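Report on the structure
Okay, here's what each chain looks like letter by letter:
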Amino acid sequence: MTTTTFSDDFFQRLQTVRDCLVHRALPPVTVILGLLIVWQILCSREGAHLPTPVAVVQETWELIIHPFYDHGGNDVGMGWQILASLKRVAYGYSLAVIAGVSLGVLVGISTWAMRGLDPVFQVLRTVPPLAWLPIALAGFQNNNPSAIFVIFITAIWPIIINTSVGVRQIPMDYRNVARVIRLNGWEYFHRIMLPAAAPYIFSGLRIGIGLSWLAIVAAEMLIGGVGIGFFIWDAWNASLISDIVLALVYVGIVGFILDRIVARIGQQLTRGVTV
Amino acid sequence: MSSHYLSIEGLNKVFRKGKDVTDVLRNVNLHVDQGEYVSIIGHSGCGKSTVLNIIAGLIEPSTGCVILDRKEVTHPGPDRAVVFQNHSLLPWLTVYENVHLAVKKTFQGIKSRAEMRAWTEHNLELVNMGHALRKIPSEISGGMKQRVGIARALAMEPKVLLLDEPFGALDALTRAHLQDEVMRIHNELGNTVIMITHDVDEAVLLSDRIVMMTNGPAATIGEILTIDIPHPRDRVAMADHPKFNEYRAAVLRFLYDRSTLGGKGAADGDSAARDQRDPDASPEDTENNKKIIPLSRIA
């Protein structure tokens, strides 16, 4: 008796896992394989300038299997390069979150602040991230804070703008509820305003993290030192095209993971609140 | 000063938006005794919600005043708890937390933690929602949300309970069910209730008195009808009650023949309401919000 139920149960689970694989994993795996084959064919021709995927793996195998070696200076593994970039993003992005949400709340609740600051924001946010780099270098006289500043200034605009929209969109009903039960300013801020605006804030945070990661690679190409951006630039100067391809794959995957992390935190914190 | 529990004296309300001036209410006077159930009925846009919001303290009158239990109403407070039309539960809090937030703010320093917890649960049980304490609003039906809204208001032990079209967004069966429940609670607790409605049957079934408002602009009280049917009332028995049909006909007659006495007509009243867009002043603001961001309401 028990063995039959056990095996039934086992097969049932196997079935579920198989269905899941077929429906979820099969389409992306097929597409990726297809793209790799096309790439392989295109770059196998005589006179191709780019390496084939097989060549990429062969040439970068040492880098792939030793992500955390350290030979001093810039000669460190891909893991360290990415961590260095992530560290800069973490500093710049955290500052952008704190400043962006604060300014967004201010612009959201004060019409005066909105009228004064909005034109400034609208102009500054169109400045390309890298255009800030020379100014930052002139101001800080130092590479690392300049890169962090570029991340900060890139990520802050969508955070400010989304937060302020979220705060302004708080339904009248919630404000009325707050007034009837007499919430004070602080209670209103953390009981009503932040949760009500959270979906907007998190869409700003998600755009912000994406832009940060875009900007760090470009900024690091210019400032040098350890970091995935300068790794790519260095590889280009040494004509190591396969290294560049591997770096791009890593950059893409890390960017994807960052986006998912922010999205997941947002989902957890905004349960039940739909926009 | 009058000896009534709740007095509305010479209320006028004018909304200004730039050069546009809308005369919403003109000289509204009403006296309500303790324990009375009063409905305010009228066509949409006639300013009945404005009256309720002024009693709640959410809107200030242009002239005139509201006196509750010998004190003038100057700002919103838990002694005039409102049940909003679309429940207005905070979607990020559970059913229990929604009520408990109001309980905590109302009874801080008066009740102990354990008493407040018990009081929250008691009120949710009163509206038969004791089974869903840990659910969040998006997980329960519209009728249940409205029950929680009622529990939240009752939990504040208001001197007067203000119901703003509390059953308007519900389907007919759920509405009947909730009306019965509100009747039962009113019989048990004897609260003073003011309810805004546009449903004639609902008004006659629940009320001690029905206040009929003329159409805006410059709406005022056209007529007050006393419903002389003893409580507790039974929905099914009422259907055959000769007086019930008489009252019903009287309200209908007023709404369809005589409500235009003070104003220009229902259509004008509606457009006047639509013109008021000032976010801080408009009585129709909740409806405007709904139009702009409908999805946030589906919660």
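Right above here is the structure, for reference.
An account of the accompanying structure is given in this report.

About the thresholds
- Residues numbered from 1 in each chain as written.
- Chains lettered and ligands numbered in written order.
- Predicted model: local features only at pLDDT ≥ 70, side-chain atom pairs only at ≥ 80, totals over all residues.
- Heavy atoms only, no water.
- Helix = DSSP H or I, 4+ residues; strand = E, 2+ residues; numbered from the N terminus.
- Buried < 20%, exposed > 50% of the residue type's maximum accessible area, 1.4 Å probe, protein only.
- Contact = heavy atoms within 4.5 Å.
- Areas by Shrake-Rupley, 256 points an atom, 1.4 Å probe, with all protein chains shown as cover.
- Rg over C-alpha atoms; globule rule 2.2 N^0.38 Å.
- Axes fitted to C-alpha atoms, helices over the stretch in contact; angles between N-to-C directions.
- Parallel < 35°, antiparallel > 145°, perpendicular 65-115°, else oblique.
- Left-handed = near helix turned anticlockwise from the far one by under 90°.
- Nonpolar A, V, L, I, M, F, W, Y, C, P; charged D, E, K, R; others polar.
- Pairing = 2+ DSSP bridges.
- Polar contact = N/O pair within 3.5 Å; in protein donor to acceptor, adjacent residues only side chain to side chain.
- Salt bridge = Lys/Arg side-chain N within 4 Å of Asp/Glu carboxyl O.
- Core = buried A, V, L, I, M, F, W, Y, C linked by side-chain atoms within 4.5 Å.
- Phe/Tyr/Trp six-rings, centres within 6.5 Å; stacked < 30°, edge-to-face > 60°.
- Lys NZ or Arg CZ within 6 Å of the ring centre and 35° of its normal.
- Arc of directions from axis to C-beta.

When helices and strands are tallied, chain B shows 10 helices and 10 strands. Among the 299 residues that make up chain B, the fraction classed as buried is 56%. Within chain B, contacts between residues separated by at least 24 positions form 70% of all contacts whose residues are at least 6 apart in sequence. Looking at chain B as shown, the accessible area adds up to about 13,000 Å², and 50% of this sits on carbon and sulfur atoms.

What follows concerns the overall build of chain A. Across its full length, chain A holds 10 helices and 0 strands. For chain A, the succession of helices and strands along the chain, N to C, is α-α-α-α-α-α-α-α-α-α. In summary, chain A has a C-alpha radius of gyration of 24 Å against a globular reference of 19 Å for 275 residues, an excess of more than 25%. Counting only C-alpha atoms and orienting by the principal axes, one finds that chain A spans roughly 75 × 70 × 35 Å. Within the span of chain A, comprising 275 residues, buried residues form 39% of the whole. Accessible area of chain A: about 15,700 Å², with a carbon and sulfur share of 69%.

Residue and element names in this part refer to chain B. Viewed as axis vectors pointing N to C, helix 4 (residues 142-155) and helix 5 (residues 172-189) meet at an angle of 20°, and their least axial separation amounts to 10 Å. Taken together, the axes of helix 4 and helix 5 lie roughly parallel to each other. Seen from above, helix 4 lies across helix 5 with right-handed handedness. Along its contact with helix 4, which presents Gly-143, Gln-146, Arg-147, Ile-150 and Leu-154, the element helix 5 presents Thr-174, His-177, Leu-178, Glu-181, Val-182, Ile-185 and Leu-189. Taken together, the residues of the contact of helix 4 with helix 5 sort by class into 6 nonpolar, 4 polar and 2 charged.

Turning next to the sheet that holds strand 7 (residues 160-164) of chain B. All names here are of chain B. With respect to topology, 6 strands assemble into an open sheet ordered 6-7-8-3-9-10, the strand pairing being mixed. Edge positions in the sheet fall to strand 6 (82-83) and strand 10 (221-226), since each has one partner strand and no second. Bridge count between strand 6 and strand 7: 2 bridges; the pairing is parallel. Bridging across to strand 7, Val-82 finds its partner in Leu-162.

Residues and elements named next belong to chain A. Looking at the secondary structure, you find Ile-241 in helix 10 (residues 241-269). In sequence terms Ile-241 and Thr-60 are 181 residues apart; their C-alpha atoms lie 9.9 Å from each other. Discounting chain neighbours no more than four positions away, the residues touching Ile-241 are Leu-50, Pro-51 and Trp-236.

Here we come to the side chain of Asp-173 of chain A. Within the secondary structure, Asp-173 of chain A is located in helix 7 (residues 172-180). Judged by relative accessible area, which is 3%, Asp-173 of chain A ranks as buried. At 3.1 Å, the side chain of Asp-173 of chain A and the side chain of Ser-88 of chain B are in polar contact.

Time to look at the pattern of salt bridges. Residue and element names in this part refer to chain B. The full count for this structure, using the stated rule, is 15 salt bridges over all chains. A salt bridge links Glu-188 to Arg-184; the nearest nitrogen and oxygen atoms lie 3.1 Å apart. Pair noted here: Glu-188 and Arg-184 are both in helix 5, with a separation of 4 residues, about one helical turn. Take Glu-188: its relative accessible area is 48%, and that puts it in the partly exposed class. Since its relative accessible area comes to 30%, Arg-184 is described here as partly exposed.

Moving on: the nonpolar core. The biggest cluster of nonpolar side chains holds 148 residues, and the ones touching the most others in it are Ile-192 of chain A together with Ile-194, Ile-210 and Val-251 of chain B. Broken down by element, the residue count for this core peaks at 16 residues, all from helix 8 (residues 185-223) of chain A. When near neighbours in sequence (up to four residues on either side) are disregarded, Ile-194 of chain B contacts Leu-6, Val-32, Val-38, Ile-40, Leu-52, Ile-55, Val-160, Leu-161, Leu-162 and Leu-163 of chain B.

Per the counting criterion, the structure on display carries 9 aromatic pairs over all chains. An angle of 85° between the planes, with centres 5.4 Å apart, marks the rings of Tyr-174 of chain A and Trp-92 of chain B as edge-to-face. Placement of the pair is Tyr-174 of chain A in helix 7 and Trp-92 of chain B in the loop between strand 6 and helix 2 (95-107), with the two residues belonging to separate chains. Across the pair, Trp-92 of chain B and Tyr-174 of chain A agree in class, each one buried. Following the ring pairs from residue to residue traces out a cluster consisting of Trp-132, Phe-140, Phe-149 and Phe-152 of chain A. The ring of Phe-107 of chain B is capped by Lys-111 of chain B, whose NZ or CZ atom sits 4.8 Å from the centre of that ring.

Another point: the packing of helix 6 (residues 143-168) of chain A against helix 8 of chain A. Residue and element names in this part refer to chain A. Between helix 6 and helix 8, the least distance of the axes is 7 Å, while the angle of their chain directions is 155°. Here helix 6 lies roughly antiparallel to helix 8, going by the angle between them. When the axes of helix 6 and helix 8 are compared, the crossing they make is right-handed.

Glancing now at helix 5 (residues 132-140) of chain A. Residue and element names in this part refer to chain A. Those residues of helix 5 that sit buried are Trp-132, Leu-133 and Ala-136. Buried residues of helix 5, viewed axially, fall in a sector of 95°; they line one side. Facing away from the buried side of helix 5 by more than 90 degrees, the exposed set consists of Pro-134, Ile-135 and Ala-138. Where helix 5 ends, the next residue or the one after it, Gln-141, has phi of about 55°, a positive value.

Now for the sheet that holds strand 4 (residues 63-68) of chain B. Residues and elements named next belong to chain B. The 4 strands are arranged 2-1-4-5 in an open sheet whose pairing can be described as antiparallel. The open sheet terminates on both sides in strands that have one partner only, identified here as strand 2 (20-32) and strand 5 (71-72). Here 2 bridges tie strand 4 to strand 5, and the two strands are oriented antiparallel to one another. Residue pairing across strands places Ile-67 opposite Glu-72, the latter belonging to strand 5. Sitting on the sheet, helix 1 (residues 48-56) touches strand 1 (6-17), strand 2 and strand 4, and the angle it makes with strand 1 is about 115°.

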